[in-house]
Amino acid sequence: QVHLVESGGGLVQAGGSLRLSCAASARTFSSYAMGWFRQAPGKEREFVAAVSWSESSTYYTNSVKGRFTISRDHAKNTVYLQMNSLKPEDTAVYYCAAQAPAPIIGTMPQEYHYWGQGTQVTVSS
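Conventions we followed
- Residues numbered from 1 in each chain as written.
- Predicted model: local features only at pLDDT ≥ 70, side-chain atom pairs only at ≥ 80, totals over all residues.
- Heavy atoms only, no water.
- Helix = DSSP H or I, 4+ residues; strand = E, 2+ residues; numbered from the N terminus.
- Rg over C-alpha atoms; globule rule 2.2 N^0.38 Å.
- Buried < 20%, exposed > 50% of the residue type's maximum accessible area, 1.4 Å probe, protein only.
- Areas by Shrake-Rupley, 256 points an atom, 1.4 Å probe, with all protein chains shown as cover.
- Lys, Arg positive; Asp, Glu negative; His and termini not counted.
- Charge placed at Lys NZ, Arg CZ, Asp CG, Glu CD.
- Contact = heavy atoms within 4.5 Å.
- Polar contact = N/O pair within 3.5 Å; in protein donor to acceptor, adjacent residues only side chain to side chain.
- Pairing = 2+ DSSP bridges.
- Axes fitted to C-alpha atoms, helices over the stretch in contact; angles between N-to-C directions.

Visitor: Can you tell me about the overall build of the chain, naming the residues and giving the values?
Guide: When helices and strands are counted, the chain shows 0 helices and 11 strands. Listed by position from the N terminus, the elements making up the chain come as β-β-β-β-β-β-β-β-β-β-β. Relative to the 2.2 N^0.38 estimate, which gives 14 Å for 125 residues, the radius of gyration of the chain is 13 Å and therefore close to what a compact globule would have. Across its three principal axes, the chain shows a C-alpha extent of roughly 40 × 25 × 25 Å. Looking at the chain as a whole, 44% of its 125 residues qualify as buried. For the chain, the exposed surface amounts to about 6,300 Å²; the carbon and sulfur share of it is 50%. Computing the positive centroid from 10 side-chain charges and the negative centroid from 8, the chain places the two 4 Å apart.

Written out as structure tokens, the structure is:
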């Protein structure tokens with residue numbers, strides 16, 4: 001079992017930055033790929049970014065490439081999402097998720113096994 005807790009959300013003006021953190025409870029965190037998803041009101045949950053267990057591979061949805069960076073700290077069992085140049089369309093609840101070991105890092109919600117409770121990010125124009 002992996003318990004995930006997100007933090008770092010808030011209200012920021014367009015062009016600003018936020019760093020989201022996701023703390024994991026289990027030592028098995030080190031073998032899990034980790035992802036960030038987001039869900040805006042009235043929309044489906046969408047993939048934002050993912051990082052392999054070794055941090056050798058990272059993936060981003062096109063709309064955040066060059067602005068967001070995903071990283072992880074194995075010593076702290078924590079994964080981060082650094083968000084720069086934020087836009088109003090980035091407004092959503094952001095969720096951290098863990099994918100049990102698999103051949104391919106997932107980009108769909110159903111490919112992830114554990115989820116955090118979410119943290120709200122609001123970007124004002």
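Visitor: So what about the environment of Ser-85? Which residues, and what values?
Guide: Summarising the element assignment, Ser-85 is placed in the loop between strand 8 (78–83) and strand 9 (92–99). In sequence terms Ser-85 and Arg-67 are 18 residues apart; their C-alpha atoms lie 6.1 Å from each other. If sequence neighbours within four positions are ignored, Ser-85 has contacts with Gly-15, Gly-16, Ser-17, Arg-67 and Asp-90.

Visitor: So, the side chain of Ser-52: which residues are in play, and what are the values?
Guide: The residue Ser-52 is located in the loop between strand 5 (46–51) and strand 6 (58–60) in this model. For Ser-52, a relative accessible area of 7% translates into the label buried. A distance of 3.2 Å separates a polar atom in the side chain of Ser-52 from the backbone nitrogen of Ser-56. Every residue in contact with Ser-52, bar those within four places of it in the chain, is listed here: Ala-33, Ser-57, Arg-72 and Ile-105.

Visitor: Before we move on, could you go through the sheet that holds strand 1 (residues 4–7) and cite the residues and values that matter?
Guide: Pairing within the open sheet is antiparallel, and its 4 strands lie in the order 1-3-8-7. Of all the strands in the sheet, the pair left with one neighbour each is strand 1 and strand 7 (68–73). Neighbour-to-neighbour, the strand axes of this sheet turn through a mean angle of 15°, independent of strand direction. Sheet topology note: the strand 7/strand 8 ladder contains 6 bridges and is antiparallel. Pairing of Asp-73 across the sheet is with Thr-78, part of strand 8.

Visitor: Could you give an account of the environment of Asn-77, naming the residues involved and the relevant values?
Guide: The topology assignment puts Asn-77 in the loop between strand 7 and strand 8. Placed 22 residues apart in sequence, Asn-77 and Glu-55 show a C-alpha to C-alpha distance of 13 Å. Excluding its chain neighbours within four sequence positions, the residues that come into contact with Asn-77 are Cys-22, Ala-23, Ala-24, Ala-26, Arg-27 and Phe-29.

Visitor: Got a sec to walk through the environment of Tyr-114? Specific residues and values, please.
Guide: As for its placement among the helices and strands, Tyr-114 is situated in strand 10 (residues 114–115). Tyr-114 sits 46 residues away from Phe-68 along the chain, and the two C-alpha atoms are 22 Å apart. Once you skip the residues sitting within four places of it in the chain, Tyr-114 turns out to touch Gln-1, Val-2, Leu-4, Tyr-32, Cys-96, Ala-97 and Ala-98.

The analysis is restricted to geometry; functional conclusions fall outside its scope.
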